[in-house]
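Overview (structure and organization)
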Amino acid sequence: MINRFSVLACAAIFVSLVANAQPGEEVPFITSPDNVTLEMLTLAGVKREDHVIDLGSGDGRIVILAARRFGATGLGVEIDPSLVQRSIANARDAGVADRVEFRVQDLFTTDLSGATVITMYLLQEVNLQLRPRLLALKPGTRIVSHDWDMGDWKPDRTTVVPVPDKQVGREKSSKVHLWVVPARVEGLWCGTGLLRDASLKLAQAYQAFDGTLTWRDRKRELAGQIAGAELRTPAGRQGELVLQASGSELRITSAQGNLALAQGQVFQRAAGDSCN
Ligand SMILES: C[S@@+](CC[C@H](N)C(=O)[O-])C[C@H]1O[C@@H](n2cnc3c(N)ncnc32)[C@H](O)[C@@H]1O
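Residues numbered from 1 in each chain as written. Predicted model: local features only at pLDDT ≥ 70, side-chain atom pairs only at ≥ 80, totals over all residues. Heavy atoms only, no water.

Below, the discussion takes up the side chain of T110. Mapped onto the secondary structure, T110 falls in the loop between strand 3 (100-104) and strand 4 (117-120). Polar contacts involving the side chain of T110 include one to the main-chain carbonyl oxygen of D106, which spans 3.4 Å. In contact with T110, not counting residues within four places along its chain, are L55, V77, Q105 and R133. (Helix = DSSP H or I, 4+ residues; strand = E, 2+ residues; numbered from the N terminus. Polar contact = N/O pair within 3.5 Å; in protein donor to acceptor, adjacent residues only side chain to side chain. Contact = heavy atoms within 4.5 Å.)

If you want it as structure tokens, here you go:
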């Protein structure tokens, strides 16, 4: 059960630490324990092909573990130059200096476009400031945050890790939240090929979508979830429908019932407010 007092106490202590932060720092230096760091990377499913960016990288531990344990490449950005020096030395000691980079940089100016995974142990208000930029990243980019969430952008998954000697707040555990950046599909889509008489009007709230598929004189209401680039309706009476978003295209990759013949067909994002 969520303990309101401990949540407030945790926030109060963390915020009082913020008051002691150096100029230019929004968040003080507190390390994620090793088991939390491992859980962050495991929940994000980090693999060799991934590029992990840790925003506010402290002593470099997240990026270093991503390279050492999972073979990924990484970038840590940190406002405190002495922590960047320490991270570079730690990476050398861990034998991963060729796979990771550390920069003295304000995380609000960091180019995030090369990341496949972003890790953060910041504060909720900092997460919220970053949220529009995170939502604009390539669909499928994974974001993990230690303890702090992102308001009404609900995580796809949250796990809880025991931290018996936790210094912040009263809980002796940490939360790890995962979000997968959903494709941005809100708007009007126009059918092509077999579906040239069809249109698809979608609304979106983060990972949820709903809308109407109109084909000649028929209408079908749709609602479902967006996982990265994939939109999926539940397998109900009309059967499951799966679409794949790619730039200005939405392709039907799986369809059942009277849409079965439309498998492989493509919608294009409408140039204006109609498909005609
Ligand atoms: C809570 S610590 C997390 C360190 C590390 N990511 C971890 O989980 O162990 C937050 C870090 O963010 C850094 N930081 C604060 N404001 C920053 C900013 N604007 N740009 C870059 N780093 C910042 C702090 O110096 C601190 O090292």
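Turning our attention to the sheet that holds strand 13 (residues 241-246). Each strand in a sheet pairs with its neighbour through backbone hydrogen bonds, running either in the same direction (parallel) or in the opposite one (antiparallel). Within the closed barrel, the eight strands sit side by side as 8-9-10-11-12-13-14-15. Their pairing is antiparallel. Averaged over neighbouring strand pairs, the angle between their axes works out to 30 degrees when direction is ignored. Pairing geometry for strand 8 (residues 187-191) and strand 9 (residues 198-205), over four bridges, is antiparallel. Bridging from a neighbouring strand, G187 pairs with L202 of strand 9. (Pairing = 2+ DSSP bridges. Axes fitted to C-alpha atoms, helices over the stretch in contact; angles between N-to-C directions.)

For an α-helix, 3.6 residues make a turn, and residues three or four places apart therefore share a direction. Looking only at helix 3 (residues 61-70), the buried set comprises I62, V63, I64, L65, A66 and A67. Among the structural elements, helix 2 (34-43), strand 1 (51-55), strand 2 (73-78), helix 4 (81-93), strand 3 and strand 4 are those in contact with the buried residues of helix 3. Looking at the residues trailing helix 3, positive phi occurs at G71, about 75 degrees. (Buried < 20%, exposed > 50% of the residue type's maximum accessible area, 1.4 Å probe, protein only.)

Let us look at the domain arrangement of the protein chain. Taken domain by domain, the protein chain holds domain 1 (4-180) and domain 2 (187-269). Computed over C-alpha atoms, the centres of domain 1 and domain 2 are 35 Å apart. Counting residues at the interface gives 11 residues for domain 1, matched by four residues for domain 2. Taken together, both faces of the contact between domain 1 and domain 2 bury some 510 Å²; the carbon and sulfur share is 54%. Considering only the side of domain 1, the residues that lose the most area to domain 2 are P139, W153 and V180, jointly responsible for 50% of the buried surface there. Viewed at the interface, domain 2 and domain 1 are joined by zero salt bridges. On inspection of domain 1 and its partner domain 2, the count reaches four residue pairs in polar contact (both at pLDDT 80 or more). Counting only elements with at least two residues in the side of domain 1 that touches domain 2, the list comes to helix 5 (124-135) and strand 7 (173-180). (Domains from an automatic or database assignment. Buried area = accessible area lost by both parts, 1.4 Å probe. Salt bridge = Lys/Arg side-chain N within 4 Å of Asp/Glu carboxyl O.)

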